[in-house]
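Report on the structure
Listed below, chain by chain, are the residues.
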Amino acid sequence: MEVRFRRIRIPLLSPFTTSFGTQENREALLLFLSADGIEAYSECVADSEPYYSYEDNETALHIIGDILYAYIEDLPAPEVFLRRTAKVKGHNMAKAAVEMLLWDYHAKKNRKPLHSMLGESRGYAMAGISIGMSKIDSMLKSVEDALEKGYRRIKVKISRGREFEILKAIRDRFPDIPLSADANSDYTIKDIELLERLDRFNLLYIEQPLEHDDIVRHAELAKRISTPICLDESITDARKAELAFELGACKIVNIKPGRVSGLSTSLEIASIARKYGGHCWVGGMLETGIGRSFNIALASNALIDYPGDTSPNSRYFAKDIVSNPFEMNEGMIRCNEHPGCGAIVDREALEMYTLQSGLLLMR
Ligand code: OSB
Ligand code: MG
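Residues numbered from 1 in each chain as written. Chains lettered and ligands numbered in written order. Predicted model: local features only at pLDDT ≥ 70, side-chain atom pairs only at ≥ 80, totals over all residues. Heavy atoms only, no water.

1. Comments concerning the layout of surface pockets
- Estimates place the volume of the largest pocket at around 670 Å³.
- Lining the largest pocket are 27 residues; nearest its centre among them are Gly-90, Asn-92, Thr-236, Asp-237 and Lys-240.
- Mapped by element, the contributors of at least two residues to the lining of the largest pocket are helix H3 (92-109), helix H9 (238-247) and helix H10 (263-275).
- Of the residues in the lining of the largest pocket, the class split is eight nonpolar, nine polar and ten charged.
- Taken domain by domain, the makeup of the lining of the largest pocket includes at least three residues from each of domain 1 (2-112 + 344-362) and domain 2 (115-334). (1 Å grid on protein atoms, 1.4 Å probe; cavity = no way out; pocket = protein on both sides within 12 Å on 5 of 7 lines; lining within 4 Å. Points joined across faces, edges and corners; volume = space filled by probe spheres on them. Helix = DSSP H or I, 4+ residues; strand = E, 2+ residues; numbered from the N terminus. Nonpolar A, V, L, I, M, F, W, Y, C, P; charged D, E, K, R; others polar. Domains from an automatic or database assignment.)

Have a look at this one:
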């Protein structure tokens, strides 16, 4: 068996701006496993800079190549891998890439589509869209286009100082649409009065208003605003999810398997949300077709009850690295029914975007 990595840079169709910066490319770390005639893949959600979380592609490659590789030589079940590596603190993006590689391998070995291995599947994901910040006119145009395409929920990025301009313009034009706002941790508890004033926009929720690792202040904020809080960055594992719901820091979680050590923990977090009467949905990190296929498999699970940030590939890239991109119909994306994650890698496209590749493990 052999595990290889590839680092790729694939241009986004349009720049994506959040409160922490603008991305023009998706720089992804991909893993490729070949064993017993099976080819499995996965994608790490880290970026080239540690702006969303402390992990980046360098740290992920280090943790995978120097630490985690030693725990997968016998190709364990994903849950076994997580148990073995429980002593590795943090680095859940690196862990997730390996965990999902093992899911893909085992699903392919069993000749089953991934979504059917995760529990009860609806067979499709409900799609919402995440719209980056730009000039108001072009944000309004993006909202209009998204509604026309059938997206079930519109999320817009906001930042400290641009929130009223953005949300007022959208609400004036679209008073009733299911709308949410993602601050990517641009506020602090000192902004509580400003955040109270966002209640008037009747948002489904506000995503990650406060610091990336905070739970306690979010619980304080939740008592002061009527807009429900959805946590993203703060929920890096199941223990954090339990704590956040217990303290009332959130009513909703944005679950990104790539952030929380993979699909097993994602399902655990979804169960915790349900136990507390909360809600959850599957987020995204502008993944290529490989990462996207894992997100959509998870998003089809019966425990996931809100539309996610799961757009079809064509929203992000002129040419993705898979030859079977997802399509959206009436706001729904059907799961891939091929074995495993189901992504069929377009080798030529992959080569075109490759920055670096190498061997991680050979046995
Ligand atoms: O906060 O959800 C986020 C993209 C990069 C980093 C963080 C986030 C996002 C998105 C994009 O909102 C979601 C998508 O993949 O469409
Ligand atoms: Mg977010």
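The structure having been displayed, the exposition proceeds.
2. Quick word on the domain arrangement of the protein chain
- In terms of domain boundaries, the protein chain breaks down into domain 1 (2-112 + 344-362) and domain 2 (115-334).
- With 40 residues of domain 1 at the interface, the matching set in domain 2 holds 45 residues.
- Across the domain 1/domain 2 interface, buried area totals approximately 3600 Å², and carbon plus sulfur atoms make up 68% of it.
- Measuring nitrogen to oxygen at the nearest pair gives 2.9 Å for the salt bridge that ties Asp-346 to Lys-319.
- Summed over the shared surface of domain 1 and domain 2, the result is 17 residue pairs in polar contact (both at pLDDT 80 or more).
- Among the secondary structure elements, those contributing two or more residues to the side of domain 1 that touches domain 2 are strand S1 (2-18), strand S2 (21-35), strand S3 (38-44), helix H2 (78-84), H3 and helix H12 (347-353).
- In terms of residue count, H3 provides more of the side of domain 1 that touches domain 2 than any other element does, ten residues in total.
- Partitioning the side of domain 1 that touches domain 2 into residue classes produces 24 nonpolar, eight polar and eight charged. (Contact = heavy atoms within 4.5 Å. Buried area = accessible area lost by both parts, 1.4 Å probe. Salt bridge = Lys/Arg side-chain N within 4 Å of Asp/Glu carboxyl O. Polar contact = N/O pair within 3.5 Å; in protein donor to acceptor, adjacent residues only side chain to side chain.)

3. So, the coordination of the magnesium ion (ligand 2)
- For the magnesium ion (ligand 2), the full set of protein donor atoms is Asp-182 (OD), Glu-207 (OE) and Asp-232 (OD), and the range of their distances to it is 2.0 to 2.3 Å.
- Spacing between the donor residues of the magnesium ion (ligand 2) along the chain follows D-x24-E-x24-D. One end of the pair, Asp-182, is in strand S7 (residues 179-182); the other, Glu-207, is in strand S8 (residues 206-207), and 25 residues separate them in sequence.
- On the basis of relative accessible area, Glu-207 is assigned to the buried category, the value being 0%. (Donors = N, O, S within 2.8 Å, 3.2 Å for Na, K, Ca; no water. Buried < 20%, exposed > 50% of the residue type's maximum accessible area, 1.4 Å probe, protein only.)

4. Description of the sheet that holds strand S4 (residues 124-126)
- Reading across the sheet, the three strands line up as S4-S13-S12 and stay open at both edges, with antiparallel pairing between neighbours. The sheet is open, and its two borders are formed by S4 and strand S12 (328-329), each paired with just one other strand.
- With three bridges connecting them, S4 and strand S13 (residues 332-334) associate as antiparallel partners. From the neighbouring strand, Ala-125 faces S13, where its bridge partner is Ile-333. (Pairing = 2+ DSSP bridges.)

5. Some points on H3
- When the terminal C-alpha atoms of H3 are compared, their 25 Å separation across 18 residues agrees well with the 26 Å that a helix rising 1.5 Å per residue should span.
- Of all 18 residues in H3, 17 are buried; the element is thus mostly enclosed. (Expected span 1.5 Å × (residues − 1).)

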